[in-house]
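One letter stands for each residue in the lines below.
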Amino acid sequence: MKKNSIFGHLRESIKLLRRLSMTKPETLEEYYARHEFVKSFDLNSPQGHFNIFEIKELSPQYAKPVTYGRKDYFKICVVSGKSKIHYADKSFEIMENGLLFATPSIPYDWEPLDVKQFGFSCIFTESFFNEFGNIKKYPVFQPGGFPVYELTSNEKNSLIQICAQIMKEQKSNFEYKNDSIRSHILQLIHSAMKMRPSTYFLPEKNNAAKRLTTLFLDLLENQFPIQNTMDGLRLRSASEFADQMAVHVNHLNKSVKDTTQKTTSDLISDRILREAKIMLKHSSWAISEIAYSLGFEGPSHFSTFFKKRQHISPSQFRSMI
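All of these numbers come straight from a predicted model, not from anything done at the bench.

(A) Expanded view of the pattern of salt bridges. Per the counting criterion, the structure on display carries six salt bridges. We note a salt bridge from R271 to E221, for which the minimum N-O separation is 2.8 Å. Of this pair, R271 sits in helix α8 (residues 264-282) while E221 sits in helix α5 (residues 208-221), placing them 50 residues apart in sequence. Look at R271 and you get buried, because its relative accessible area is 5%. With a shortest N-O distance of 3.0 Å, E275 and R271 are connected by a salt bridge. Highlighted residues: E275 and R271, both in helix α8, separated by four residues, approximately one helical turn.

(B) Layout of the sheet that holds strand β1 (residues 50-54). The sheet built from five strands is open, its strands ordered β1-β8-β3-β6-β9 with antiparallel pairing. Of all strands in the sheet, those with a lone pairing partner are β1 and β9 (148-150), marking the two edges. Ignoring strand direction, the axes of neighbouring strands in this sheet form an average angle of 10 degrees. In the sheet, strand β3 (residues 74-80) pairs with strand β6 (residues 97-102) via six bridges, with the strands oriented antiparallel. Of the residues in β6, the one forming a bridge with S80 is N97.

(C) Inspection of the nonpolar core at higher detail. In this structure, F216, F241, L252, L294, F302 and F306 are the most contacted members of the largest nonpolar core, which totals 30 residues. Considering each element in turn, this core owes the most residues, seven residues, to α8. Once you skip the residues sitting within four places of it in the chain, F306 turns out to touch L273, A276, K277, L280, H311, I312, S313, P314 and F317. Residues F50, Y138, I189 and A192 belong to the second largest nonpolar core, which totals 29 residues.

What counts as what
Residues numbered from 1 in each chain as written. Predicted model: local features only at pLDDT ≥ 70, side-chain atom pairs only at ≥ 80, totals over all residues. Heavy atoms only, no water. Salt bridge = Lys/Arg side-chain N within 4 Å of Asp/Glu carboxyl O. Helix = DSSP H or I, 4+ residues; strand = E, 2+ residues; numbered from the N terminus. Buried < 20%, exposed > 50% of the residue type's maximum accessible area, 1.4 Å probe, protein only. Pairing = 2+ DSSP bridges. Axes fitted to C-alpha atoms, helices over the stretch in contact; angles between N-to-C directions. Core = buried A, V, L, I, M, F, W, Y, C linked by side-chain atoms within 4.5 Å. Contact = heavy atoms within 4.5 Å.

Laid out in C-alpha cells, this is it:
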C-alpha cells in the first residue's frame, strides 16, 4: 500500500473518531471523573442514581463551561449569574437567574459569562423514577419543549428553597428519602410549567390516537443521535413509520393530526431539520456526509430541503456560526 494511501486512511480514521466522540453521550462515570470533588453515590443502584450539589462547588472560584454534547443522565439546574446555554440548535442567554432542564436525548452546553455562578444542580437517571412515573413525558424534557427559563428573584428564591430541601433529604437517614426527593423534583417541574406553559403538546387522556402518536414520536426521536455516517435514518416517511408500527398509514396520519394538529410529514421534517442544524453547528462532518446520514439522496436534495425551510443554504448556515 502506498504511503499516501496509508496516511489517507489514517486521516479518515482520526476524523471518524472525532465525530464519534462528538455524538457519544457522557456517562455518569465520566461526569464524576471530571468532578472528583463532587461526592458520588452508588452508580449501579437498582433504584437508579440521583445527586444534588451546589454549583459553586464545581470550582473553588469559577464555574467551568459544560462541553456541548449529549449526557447519559437528566439534569435540572437553578443558577444565578449571567450565562449562555446552547440547547440543540437554539441559544438562550440568562441575564441574572435561570432554570435549565436537560435530557439525555438532546445535546447542550453551558457557557458562564460571569466569573461566579451560584445555585444548585441535580443529576439523575431515568431509572431513578421507575415505578414513580414517566419523567420523560413532561414538556420540559420533550423535543420541542421549553428547557430554559429566565427567573425573577422571587421565582429563583422559591426554587432554591426546593433545592435546599432536596439536599437536606439527600443527607438524611430517612427510609423513604428517595420518594421525598422525587416529589421535590416534580415540584421543580410543576413550578416551571406554571411560570411559562410549554408549547409542546402533552396528551391529556390515554386514548388510542394519543398512544399511537406517542409511539410514533418515540420511534422518531430514538433514531437520534446519528453515531456515524454508516448508520443513517431508517425511517423517514409516514409509510415507513406505519409499517414499523403495523398500522395503516392513513390511520397513523389521522391520529397524529388529531393529537398534535401537525401532519406526520411535518413532524418528521421538523425533527430532521433540527438534527441537521445541530450537526452543521457542532460537528466536523462534511455537508454531503450529513445529507446522506439524514437519508437524502444527495447534497443537492438536502440543500433544497434546508433552504426551503431556513431560506439559506447549509453551507451559509454553517458559515454564520
